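Chain by chain, the residues run as shown.
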Amino acid sequence: RRRQSRCYLLDYVCHKPGDGRKMSTETSGAVIQRNKRLRLPDYRFLLRVIVGSGIGEDTYCPRSILEGREESPALRDALDEMDAFFDDAVAALFARTGVAPRDVGVLVLNVSMLSPAPSLASRAVRRYGLREDVAAYNLTGMGCSAGLVALDLARNKLRAAASAARPRTLVALVVSSESIAPNWYSGTDKSMMLANCLFRSGGAAVLLSNDPAHRRRAKMELGCLVRAHTGASDDAHACATQREDAEGRVGISLSKALPKAAVRAFAANLPHLAPRVLPVSELARFLYRRLLAHLHPAGGNKQAPRVNFKAGVEHFCLHPGGTAVIEGVKQSLGLDDGDVEPARMTLHRWGNTSASSLWYVLSYMEAKGRLKKGDRVLMLTFGSGFKCNSCVWEVTGDMADKGAWADCIDTYPPESLANPYMDKFGWINDVEGDTLISLG
Ligand SMILES: CC(C)(COP(=O)(O)OP(=O)(O)OC[C@H]1O[C@@H](n2cnc3c(N)ncnc32)[C@H](O)[C@@H]1OP(=O)(O)O)[C@@H](O)C(=O)NCCC(=O)NCCSC(=O)CC(=O)O
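Calculation criteria
Residues numbered from 1 in each chain as written. Predicted model: local features only at pLDDT ≥ 70, side-chain atom pairs only at ≥ 80, totals over all residues. Heavy atoms only, no water. Salt bridge = Lys/Arg side-chain N within 4 Å of Asp/Glu carboxyl O. Helix = DSSP H or I, 4+ residues; strand = E, 2+ residues; numbered from the N terminus. Buried < 20%, exposed > 50% of the residue type's maximum accessible area, 1.4 Å probe, protein only. Axes fitted to C-alpha atoms, helices over the stretch in contact; angles between N-to-C directions. Parallel < 35°, antiparallel > 145°, perpendicular 65-115°, else oblique. Left-handed = near helix turned anticlockwise from the far one by under 90°. Contact = heavy atoms within 4.5 Å. Nonpolar A, V, L, I, M, F, W, Y, C, P; charged D, E, K, R; others polar. Near = heavy atom within 4 Å. Polar contact = N/O pair within 3.5 Å; in protein donor to acceptor, adjacent residues only side chain to side chain. Areas by Shrake-Rupley, 256 points an atom, 1.4 Å probe, with all protein chains shown as cover. Phe/Tyr/Trp six-rings, centres within 6.5 Å; stacked < 30°, edge-to-face > 60°. Lys NZ or Arg CZ within 6 Å of the ring centre and 35° of its normal. Lys, Arg positive; Asp, Glu negative; His and termini not counted.

Draft legend 1. The pattern of salt bridges, seen in detail. Counted by the stated rule, this structure contains 33 salt bridges. Of the charged contacts, one joins Asp398 and Lys373 as a salt bridge, the two residues approaching to 3.9 Å between their closest N and O atoms. One end of the pair, Asp398, is in the loop between strand 11 (387–395) and helix 14 (421–425); the other, Lys373, is in the loop between helix 13 (357–367) and strand 10 (376–383), and 25 residues separate them in sequence. Taken individually, Asp398 and Lys373 each receive the classification exposed, so the pair is uniform in this respect. Salt bridges here are not isolated pairs; linked through shared partners, they connect Arg76, Asp80, Asp83, Asp87, Arg123 and Arg127.

Draft legend 2. The packing of helix 11 (residues 323–333) against helix 12 (residues 337–350), seen in detail. Two elements in contact, helix 11 and helix 12, have axes separated by 11 Å at closest approach and are oriented at 165 degrees. Taken together, the axes of helix 11 and helix 12 lie roughly antiparallel to each other. In terms of crossing hand, the pair formed by helix 11 and helix 12 is right-handed. Contacts between helix 11 and helix 12 pair Thr323, Ile326, Glu327 and Lys330 from the former with Asp337, Val340, Ala343, Arg344 and Leu347 from the latter. Looking at side-chain class alone, the contact of helix 11 with helix 12 contains 4 nonpolar, 1 polar and 4 charged residues.

Draft legend 3. The site of the ligand, seen in detail. Around the ligand lies a shell of 26 residues, among which Arg48, Cys144, Leu254, His319 and Ser384 are the nearest. Ser255 is positioned with one of its backbone polar atoms (N or O) 3.5 Å from a nitrogen atom of the ligand. Contacts to the ligand include Thr323, whose backbone N or O atom sits 3.2 Å from an oxygen atom. When isolated, the ligand has an accessible area of 1,000 Å², and the protein chains bury 73% of it. Looking at the shell around the ligand, the elements with two or more residues in it are helix 2 (40–52), helix 7 (190–198), helix 11 and strand 10. Here the shell around the ligand is built from residues that sort into 11 nonpolar, 12 polar and 3 charged.

Draft legend 4. Layout of the packing of aromatic side chains. Summed over the entire model, instances satisfying the criterion amount to 10 aromatic pairs. Aromatic side chains Phe266 and Phe309 sit 6.4 Å apart centroid to centroid with 45 degrees between the ring planes, which places their arrangement in the tilted category. You can see Phe266 sitting in helix 9 (residues 258–277) and its partner Phe309 sitting in the loop between helix 10 (280–295) and strand 9 (315–318), a full 43 residues away along the chain. Here the two residues Phe266 and Phe309 agree in accessibility, since each one is buried. Aromatic side chains Trp405 and Tyr412 sit 5.4 Å apart centroid to centroid with 85 degrees between the ring planes, which places their arrangement in the edge-to-face category. In this structure, Trp405 and Tyr412 share a single accessibility class: buried. An aromatic cluster of three or more residues is present, and its members are Tyr60, Trp350, Tyr360, Tyr364, Trp405 and Tyr412. When the ring centre of Trp350 is taken as reference, the NZ or CZ atom of Arg349 above it lies at 4.1 Å.

Draft legend 5. Focus on the side chain of Thr396. Following the sequence through the fold, Thr396 ends up in the loop between strand 11 and helix 14. Note on Thr396: relative accessible area 14%, which makes it buried. What Thr396 contacts, discounting residues up to four positions off in sequence, is Arg215, Ala218, Lys219, Met220, Glu221 and Lys373.

Draft legend 6. Structural detail: the side chain of Asp375. Looking at where Asp375 falls in the secondary structure, it is placed in the loop between helix 13 and strand 10. Comment: no salt bridge for buried Asp375; closest opposite-charge side chain is Arg376, at 6.9 Å. Ignoring anything within four residues of it in the chain, the contact list for Asp375 reads Glu314, His315, Arg370, Trp393, Glu394 and Val395.

Read these as spatial facts, not as claims about activity.
Below you can see the structure in the form of structure tokens.
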């Protein structure tokens, strides 16, 4: 029964939209130029943020943006973006694993910013002909950290089935994405313009199983999963919210306090995560150093003692929320550039694809051949609420797929992550006045 209550990762597929959906510097320039509300100071702000965003030339947007309809998208545009993801990633996952849609007993779908009726989960049930007794769940409004909320729910369903009076084996499908098409912000509030610079189209489909017979073919096995929610704090709650600006335009507002809120949410997650991941020797070392710091507050070492996570895990799969978020986590975990390379490269190649981001980060590690049997991988995600969710996987099988990175992994990491925005649009910093100008 204990073996059956395990949660195996059979496989996962990250969505790679067609080349025609790339959001290049030219495309971004055209979108900005179309928005007649923007003035020179707004152009300058956007230039500063895009240049510092860590995002490259190959991220993807929905067709409605490429076709100039970002301010008036139809519901059809939002559904087309989801269908393109389903048709690419979910279909490929079934094909790759040989698992038939009718073998799926649990479906958990999470897309934060789109909740049509029937639900997207129902849309997936219909599209793939999932069976009548499938337990389907649709999570919305839970932000970038919902990928691990979905994983938690699926894992609990697998556990419950395994520990029932008559234990059952089950396969669970987790589908994580974000809807960009209906959520483009067209106003001039800086905290809301920022989201347009970071969020891009993407998605991931993941197959899990509690069947001991699947152990040999599984890629990884899930260990602990810890969730922390700091939403009872006003500041934490307010740092990523959907709201209207002064002129009634809706968008996602990201406050300047968000990177700090992420670090604080991690601090709430840490006391539950660390004892389940770290060896006793590292916990003892940490407690000893904390006691010393407490007894000798004026001692030489000004930095608060921190746990060394490398004593418990080999790989860090961090949510690529933005350069400042990655940097904040790097500092608080005491990581080096190599540890955060997968998150930085994911941000560069795919942008922030919200809840699916962490699967692109994992795929980078796999494509680079870094994941060996017995290695442990810490997934750490942040999202509106404000939440920090984490989990640890152990690699149990061969992980050598290049996945969505196949055509570009050899070019990563590039010599420079600089994007061409400054070269192309840097001249706007020399323009005088506050007038409308042509970017063309
Ligand atoms: C935006 C950045 C890429 C810019 O970095 P840089 O190092 O280049 O520069 P910087 O930090 O000095 O910022 C450049 C200019 O943008 C302004 N600026 C920065 N953050 C801002 C914000 N949230 N609102 C309004 N303005 C902001 C700064 O004041 C500055 O303006 P001036 O020059 O006028 O002073 C970075 O700050 C960053 O990564 N921020 C965090 C992004 C974030 O919130 N990600 C989480 C997404 S939500 C998510 O992933 C989870 C979820 O939603 O669920």
